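Read off the chains here:
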Amino acid sequence: MRTTAFTLIGSLLLTLTSIGRPYLKTSNDTSKLRDEDVVDTASRAKLISRQFSFTEGASVDKKGNVFFTDQNNNKIWEYDTNGKLTLFMDSTGRSNGMYFDRKGNLVTCADEHDELWSISPKKRIEVILTNYQGHRLNGPNDLWIDDKGGIYFTDPYYQRPWWDRKTPDIKEQCVYYLSKGSKDPIQMISDLQQPNGIVGTPDGKYLYVADIKGNKTYRYAIGKDAGLTNKQLVIDQGSDGMTLDEKGNIYLTGRGVTVYNPAGKKIAHIDIPEKWTANLCFGGKNKDDLFITASEGIYIIHMKVQGVE
């Protein structure tokens, strides 16, 4: 009886001390997340514009302005935090995936000649990579920049109508790492069928890579030397572009947007009325608006979480 009594008293005290204390979900506590925890289920993605050929490369600057590409038309556009859409740059090397570095330069996968470019805020272009060991790259597709300024990028082969070749120089479709200031990328992953979307965690500990042809998404541990170890299958779904939110949830693209928690459990889906959803990022002044590039259109939807890029 004394054991039962002490158990009841302990339970009562635990309940009382818990009253008024909020339950905080973190990136390590998302097992109970549902779609309504990341997005209002009554909301629908809002069309901003459908004046493009094929939208890609969504990337956000420090202020929350979003930049994206109209790859087939060889342009980069800006959608600012006030909702204004303007042409940022023409003749962009057929840029695809993009990411801002710490200095505010827009680093792009310029696959017209299979290069990496850095575009300054004043639109000055610097070609930072042209080849791998003397071989033309397959077609840099997406990238993520770590705290050291090093660039992880995917290099699948998609035949482009603007190319003067019909076969790749490099047989494998790989993930590479380019150290800051280097001209010699290191081949990091070579066992995927067709790597595409890529994103790292804000603490720099993990890298997510989507194998779009293999229909899988993997997580790798990032070492101090930028090496990748401990490959883990996280999600049985591939992706084009991808992003993360503050809770560590993973946003995959393709047929709309599908959201998974860090354990790989599906928690939400956002329908997009287009043939293909290619890329996305969080933008806006508070980085809680999910900006989505999808075929000829661009969309936005307000979220209950914030982005981390």
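Heads up: the structure comes first, above all this text.
This report concerns the structure included in the present document. (Residues numbered from 1 in each chain as written. Predicted model: local features only at pLDDT ≥ 70, side-chain atom pairs only at ≥ 80, totals over all residues. Heavy atoms only, no water.)

What follows is about the overall build of the chain. Summing up its helical and strand segments, the chain has 2 helices and 24 strands in all. Residues classed as buried in the chain amount to 54% of the 309 residues present. Carbon and sulfur atoms make up 50% of the accessible area of the chain, which amounts to about 15,000 Å² in all. (Helix = DSSP H or I, 4+ residues; strand = E, 2+ residues; numbered from the N terminus. Buried < 20%, exposed > 50% of the residue type's maximum accessible area, 1.4 Å probe, protein only. Areas by Shrake-Rupley, 256 points an atom, 1.4 Å probe, with all protein chains shown as cover.)

To continue, consider the sheet that holds strand β18 (residues 242-244). Taken in spatial order, the 4 strands make up an open sheet running β18-β19-β20-β21, and their pairing is antiparallel. Both outer strands of the open sheet, β18 and β21 (266-270), are each paired with one neighbouring strand and no more. Across the sheet, the mean angle separating the axes of adjacent strands is 20 degrees when strand polarity is ignored. By the bridge criterion, 5 bridges tie strand β19 (residues 250-254) to strand β20 (residues 256-260) in an arrangement that is antiparallel. By the bridge assignment for β20, L252 is matched with T258. (Pairing = 2+ DSSP bridges. Axes fitted to C-alpha atoms, helices over the stretch in contact; angles between N-to-C directions.)

On the basis of which strands lie adjacent, the open sheet formed by 4 strands has the order β1-β24-β23-β22 and antiparallel pairing. On the outer flanks of this sheet lie β1 (46-49) and β22 (279-283), each paired with one strand and no other. Neighbour to neighbour, the strand axes of the sheet diverge by 30 degrees on average, direction disregarded. The pairing of strand β23 (residues 289-294) with strand β24 (residues 297-302) spans 6 bridges and is antiparallel. Counted as the bridge partner of F291 is I300 from β24.

Bringing the environment of I189 into the picture now. Take I189: it is sitting in strand β13 (residues 186-189). Of the residues examined, I189 reaches a relative accessible area of 5% and is grouped as buried. Considered as a pair, I189 and Q173 are 16 residues apart in the sequence and their alpha carbons are 8.6 Å apart. If sequence neighbours within four positions are ignored, I189 has contacts with C174, V175, V209, Y220 and L228. (Contact = heavy atoms within 4.5 Å.)

Geometry only, nothing functional implied.
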